[in-house]
Amino acid sequence: MLRLRLQRTSWPRPALVLTDTPRPDCPDCEGIGGFEYDYGDYNGEYAGTEWDPCACWNENRRWPLLPLPRLPRWLRRRSSARDPWSPGGYSDEPPF
């Protein structure tokens, strides 16, 4: 049985996508959708995390519904170190 939800994606272009979700009462993954485990290199040091999807969910099952418009170039904000509203920006103005 499908458990559908809406999701916004930005690649390859902005769109609304209908996706499948993991079964919330799955006894194997407990509704998470898969299993995460850490692995190490030949010295036993941490080398990364692997993800194995559960059989209750197909993470590749998705249907694009509606393409969303992109902002025109002149409306996109440019990142600037002096712009306090840009991500990572700062301001030397007092807060009052």
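Higher on the page you've got the structure.
Enquirer: For this particular structure, what's the right way to read the overall build of the protein?
Expert: What the protein contains, in helices and strands, is zero helices and five strands. For the protein, the succession of helices and strands along the chain, N to C, is β-β-β-β-β. Here the protein holds 96 residues, and the buried ones make up 21% of them. Of the contacts formed within the protein by residues at least 6 apart in sequence, a portion of 35% connects residues at least 24 apart. With an accessible surface of roughly 8300 Å², the protein has 54% of that area assigned to carbon and sulfur atoms.

Rules and cut-offs
Residues numbered from 1 in each chain as written. Predicted model: local features only at pLDDT ≥ 70, side-chain atom pairs only at ≥ 80, totals over all residues. Heavy atoms only, no water. Helix = DSSP H or I, 4+ residues; strand = E, 2+ residues; numbered from the N terminus. Buried < 20%, exposed > 50% of the residue type's maximum accessible area, 1.4 Å probe, protein only. Contact = heavy atoms within 4.5 Å. Areas by Shrake-Rupley, 256 points an atom, 1.4 Å probe, with all protein chains shown as cover.

Function cannot be inferred from these measures alone, as they are strictly geometric.
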